[in-house]
Every structure is written in structure tokens, then in C-alpha cells.
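Okay, here's what each chain looks like letter by letter:
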Amino acid sequence: MLSRTADHLFWMSRYMERAENTARMLNVSYETSLLPQSAAAVEAGWEGILSISELLPSYLALYKTITSRDVMAFMVKDANNPSSILSCLRAARENARAVRGTLTTEVWETQNQTWLEVNRMLKSGEFERDPGQFFEWVKFRSHLSRGVTVGTMLMDESLYFMRMGTFLERADNTARLVDVKFHAMQNDFFGAPQLGVLETESTQEYDFYHWSAILRSVSGFEVYRKVYRDVIRPERVAELLILRPDMPRSLHVSLNEVVANLALVSHDRESDTLRHAGRLRAELAFGRIDEILATGLHAYLTQFLERVNVLGGRISREFLMPQAA
């Protein structure tokens, strides 16, 4: 396969996944902001969204204060923000158009219709009237895109590069989400507080909503209840989203998919790219949450993000045409 074609397919999937992840985070923050809490807590929640995407400086260059309305406008429909939902869907569609002949008709029509429809919805004011419904629509279109891709594309290198892009983006986003949300609660997280530390009823209630919001942002609330059958504990939330091999959006599952698809397109089983990905996956497969927490969750996730970024660069150099994320 031409590296140019592989590059477009890889980034088409990454941008579609990025749009969905942004919609998930914004939806949960929007719902959480409606709960009874201080103005400072609301502002901190929206600031966390900007921090996850490393867009806080760009936002503050345009707006004086952090408000829900401005953050959502910036992250949803600002065409000059490369990480906004509008920009991501546009980039996904442009990459799809560049390799129209490689895609099935169903895949192309799904991407094209999503782009046409999001423009119509934003111009008609549907987003402002019901943000929650808009975010659900973005998630649905991303789910539809993945389903149509798996259901209609030939199982060859084209599909493998698309899947690789999807799960590399998912690993990056899940790590950012967990890092920022835990970092906002405690400067670094080294496990549950010592026994004997009293928690007030209001603190317990806040913690429940906080951890529930994190789980809901990755469709993990019902999964957590099924797996642990217990109250929501932060160390178990971390374990679910990092190490569980059966949680669809965990780091472990994401790296499993990246390595599997990377192996299918790699002609050299001894390549440094495959070895780097395999080592990262092995640490997740055989890691323990208590070992991770012993060194600090923030430190672990910061290192993980650096290694995922290096992996993306290696994939780009070995298979694709170098391009900014």
C-alpha cells in the first residue's frame, strides 16, 4: 500500500475517534456542571477539559474567563481550533475524500453525510438548544463509522491502518482523561486514603458524582457495577480504565488492538516500532494497579502518554507520511 494512502486512512480514523472522545468529555462536563456546586468547582471542571486537550493557552488567548458556554463553543464549533468537533469531522471527511477509491461506498457516504449534517445542525442552532442531544449524535456517528468500516471493508491493510489509528487515539485520550480527572482531585494519586480518615457525607456524595462522571465519559458506569459490584472506589476506577483486558476503552484493550493491527502490516517482525508497541502492551497485560499507584498515577500516565506519542511517531516514520496530529 502507498504510504500516502495509509496516512489518510490512519488519520481519518484518528480524527473520527477524537471527535467522539471530545463529545464524551464535553457531555459529562456539561451534565456535571448542572449539579449543585460552587462556581469555582464548575470553572475547574471546564478548565480540566481544556487541559486534557492541551488547549488552555489557545482558549485564554480568545476568552478572558472560563465559562461553560465559551468552552463548549470553542471545543465544538470553532473552525480555527484544530481539536474542535467541527474541525475533527472536517479533517476526517477530507482524509476520506483523498482516498475515496480505497473506501467502500458505505464508508465514504457515512463520513460525507456526517460532515454535511454537522454543518446543518450547527447553523440551525440545534447544538445550543440541546447540547446533550448533539453530543449523543456525534457519538452515534462515530459508532456508525466504525461499524460500517468493519462490516464492509475488505480485511486487508486498509482496514488495519484504520483500526490502528482508532485505538492509538483512544489510548491517548483515555490516558489524558484519567490523568486530568485524578490530578484535579489530588495532586497525585497513590491509592485510597488511610483507614480511620473520616469522610463527611457531602464529600462522599461529591466523590460519587465525580467518579461516576469519569466512568460515564467512557461508557464504563454499568461495566464497573458488573465487574466490581461495590461502591465506586478511585483505585478500582483506575484499574478498570488502565489494566482491564475486557473494558473496551481501557489502555490495555487499546494497546492490544494497536499491536495486533501493527503486526498485520509490519513486514519485519523485529522492527523497533513493533517491539516498542509490544513492550508497552506487555506492561499493561502484566501490570498491577497497586504497583502503578506505588509510584503515583500521574507519573505513570505522564510516562505512558510520552511513550504513546513516541509510538505514533514511529508508526508515522515507518509506514506513513509525517503529519501533525
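Residues numbered from 1 in each chain as written. Predicted model: local features only at pLDDT ≥ 70, side-chain atom pairs only at ≥ 80, totals over all residues. Heavy atoms only, no water.

Caption draft 1: The overall build of the protein chain, seen in detail. Summing up its helical and strand segments, the protein chain has 16 helices and zero strands in all. Whereas a compact globule of 325 residues would reach a radius of gyration of roughly 20 Å, the protein chain reaches 20 Å, a difference of no more than 12%. A buried classification covers 53% of the 325 residues belonging to the protein chain. Considering only intrachain contacts with a sequence separation of at least 6, the fraction spanning at least 24 residues in the protein chain is 67%. Carbon and sulfur atoms make up 52% of the accessible area of the protein chain, which amounts to about 15,500 Å² in all. Computed over 37 positive and 41 negative side-chain charges, the separation of the two mean positions in the protein chain equals 4 Å. (Helix = DSSP H or I, 4+ residues; strand = E, 2+ residues; numbered from the N terminus. Rg over C-alpha atoms; globule rule 2.2 N^0.38 Å. Buried < 20%, exposed > 50% of the residue type's maximum accessible area, 1.4 Å probe, protein only. Contact = heavy atoms within 4.5 Å. Areas by Shrake-Rupley, 256 points an atom, 1.4 Å probe, with all protein chains shown as cover. Lys, Arg positive; Asp, Glu negative; His and termini not counted. Charge placed at Lys NZ, Arg CZ, Asp CG, Glu CD.)

Caption draft 2: Broad picture of the pattern of salt bridges. Taken as a whole and assessed by the stated rule, the structure comprises 24 salt bridges. The shortest N-O distance in the salt bridge between Glu169 and Arg18 comes to 3.0 Å. Taken as a pair, Glu169 in helix α9 (residues 157-185) and Arg18 in helix α1 (residues 3-33) lie far apart in primary sequence, 151 residues in all. Across the salt bridge formed by Arg97 and Glu94, the nearest N and O atoms sit 2.6 Å from each other. One end of the pair is Arg97 and the other is Glu94, both in helix α5 (residues 85-98) and three residues apart, which spans about a single turn. The partly exposed category is assigned to Arg97, whose relative accessible area is 47%. Residues joined in a network through salt bridges with shared partners are Glu17, Glu20, Arg24, Arg146, Arg170 and Arg249. (Salt bridge = Lys/Arg side-chain N within 4 Å of Asp/Glu carboxyl O.)

Caption draft 3: Highlighting the packing of α1 against helix α2 (residues 39-52). Relative to each other, α1 and α2 sit at 175°, their axes nearing to 10 Å. When the interaxial angle is binned, α1 and α2 end up roughly antiparallel. Seen from α1, the contacting residues are Met25, Leu26, Ser29, Tyr30 and Ser33; seen from α2, they are Val42, Gly45, Trp46, Ile49 and Ile52. Residues of the contact of α1 with α2, tallied by class, amount to seven nonpolar, three polar and no charged. (Axes fitted to C-alpha atoms, helices over the stretch in contact; angles between N-to-C directions. Parallel < 35°, antiparallel > 145°, perpendicular 65-115°, else oblique. Nonpolar A, V, L, I, M, F, W, Y, C, P; charged D, E, K, R; others polar.)

Caption draft 4: Up close: helix α14 (residues 272-285). In this model, α14 (14 residues) spans 20 Å end to end at C-alpha, consistent with the 20 Å of a helix rising 1.5 Å per residue. Within α14, burial applies to Thr273, Leu274, His276, Ala277, Leu280 and Leu284. Down the axis of α14, the smallest arc covering the buried residues is 165°, so these residues share one side. (Expected span 1.5 Å × (residues − 1). Arc of directions from axis to C-beta.)

Caption draft 5: Region of the structure containing the nonpolar core. Residues Phe134 and Ile242 are the most contacted members of the largest nonpolar core, which totals 87 residues. Take this core: its biggest share by element is eleven residues, from α9. By size, the runner-up hydrophobic cluster in this structure holds eleven residues, among which are Val99, Trp108, Met153 and Met162. (Core = buried A, V, L, I, M, F, W, Y, C linked by side-chain atoms within 4.5 Å.)

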